[in-house]
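A structural walkthrough
The primary structure of each chain is shown beneath.
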Amino acid sequence: MPRAPVKKPAAPQQPSVAVALGAGGARGLAHIVVLEALEELGLKPVAISGSSMGAIIGAAYAAGIPAAELRAQALAQFRDKRKTIARLMKARVGKFSDLLTSLGSNPVLVDAQLLLEIFWPDAMPARFEDLKIPFTAVCTDYHDRCAVNFSSGPLAPAVAGSMAIPGLIKPVEMGGLVLVDGGMVDPIPYRALIGKADIIIACDVTGASAAHRRSAPQPWEALIGAAQITQHTITSEMLKSDRPDILLRPAIGRFGALDFFRTAQILDAAHNVTDDLKRGLEKAIERV
């Protein structure tokens, strides 16, 4: 009798990964390097979550924008300091004359959705449902003092709300809620990804500054820095109770949250995450 053909053993299935990108202002540009590293390893996230800058970059990547294009976009936008500042001025909702005519008005407050035009490539989808990868934007409900996660409906207002840093960016009103910076309550939103993938990767850019930076901060730097101190404290407490499978911390301690004009240096400094990710994946795959 002829032998039955021998069946080849099925190739082991690659575990799925999901990625949480945290808050951190300009430091959050390091998330681009994390996405580049995933692409280098041939890994496509099955889900992404983001707070603040992490929401901006995460939504763009979920829309199908390759990491290399996000890098090129960031470098191009912040290469010309004068042009970028001019665009920021156009995004203002306040005027300097308000200081004389309206008590308590902020002349440098900017519109979050107009600000998105600086960070996002052209032709971003209008709705979450049009994204190529499921995405969750984490915001803070200003009045109820809690996190609000958006994964459906209009995309730009949700991401704008997630990046609305109090005092710098106007809060976003959406669905009867007043939304401000998601990093205030969930600086690295890995919990939003629980159950969505075999391996959850989180990128934390809230860490302490380098020890040699001891000069007094400028006023705006102090405002953002104080928020980051809070974010770092929240993150530390979150990690005591549960942790993502892989926690990445780019070596960007010497940069401030407003160092957008040092984009190239931030991206270069963050390359430690590539090896950290590879090592973390080896251990995580063994556990899975």
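Above this text you will find the structure in question.
Predicted model only: the values in this text are computed from it and were never measured. (Residues numbered from 1 in each chain as written. Predicted model: local features only at pLDDT ≥ 70, side-chain atom pairs only at ≥ 80, totals over all residues. Heavy atoms only, no water.)

Overview of helix H3 (residues 67-77)
One full turn of an α-helix is made of 3.6 residues, so residues set three or four places apart face in the same direction. In plain terms, the rule: Under the scheme applied here, a residue whose accessible area is under 20% of the maximum for its type counts as buried, over 50% as exposed, and between as partly exposed, the area being computed with a 1.4 Å probe on protein chains only. Strands are runs of DSSP state E lasting at least two residues, helices are runs of H or I lasting at least four, and both sets are numbered from the N terminus onward. It is the directions from the helix axis to the C-beta atoms whose arc is reported. Contacts are assigned to residue pairs that have any heavy atoms within 4.5 Å of one another.
The set of residues buried in H3 consists of Ala67, Leu70, Arg71, Gln73, Ala74 and Gln77. The buried residues of H3 occupy one face: seen down the axis, they fall within an arc of 165°. Contacts made by the buried residues of H3 are with helix H1 (31-40), helix H2 (53-62), helix H4 (81-90), helix H6 (112-119) and helix H9 (263-269).

Things to note about the pattern of salt bridges
Stated precisely, the cut-off is as follows: Salt-bridge detection follows one rule: a side-chain nitrogen of Lys or Arg within 4 Å of a carboxyl oxygen of Asp or Glu.
Under the definition given, this model contains eight salt bridges. Residues Arg127 and Glu129 are paired through a salt bridge, measuring 3.4 Å at the closest nitrogen-oxygen approach. The class for Arg127 is partly exposed, based on a relative accessible area of 39%. Asp259 serves as the salt-bridge partner of Arg262, at 3.4 Å between the closest nitrogen and oxygen. For Arg262, a relative accessible area of 27% translates into the label partly exposed.

As for the packing of aromatic side chains
As a reminder, the rule being used: Any two rings among Phe, Tyr and Trp, with Trp reduced to its six-membered ring, count as a pair given centres within 6.5 Å; such a pair is stacked if its planes are under 30 degrees apart, edge-to-face if over 60, and tilted if neither. We call a charge positioned above a ring when the Lys NZ or Arg CZ atom is no farther than 6 Å from the ring centre and deviates by at most 35 degrees from the ring normal.
Per the stated rule, a full pass over the model turns up three aromatic pairs. Residues Phe78 and Phe261 carry aromatic rings whose centres are separated by 6.1 Å and whose planes lie at 80° to one another, so their mutual orientation is edge-to-face. Remark: Phe261 occurs in the loop between strand S8 (246-248) and H9 and Phe78 occurs in the loop between H3 and H4; sequence separation between them is 183 residues. Looking at Phe78, the relative accessible area reads 9%, which means it is buried. Ring plane angle 15° and centroid distance 6.0 Å describe the contact between Phe128 and Phe135, whose orientation is recorded as stacked. Each member of the pair, Phe128 as well as Phe135, is classed as buried. Its guanidinium or amino end placed over the ring of Tyr142, Arg145 lies 5.2 Å from that ring's centre, counting from NZ or CZ.

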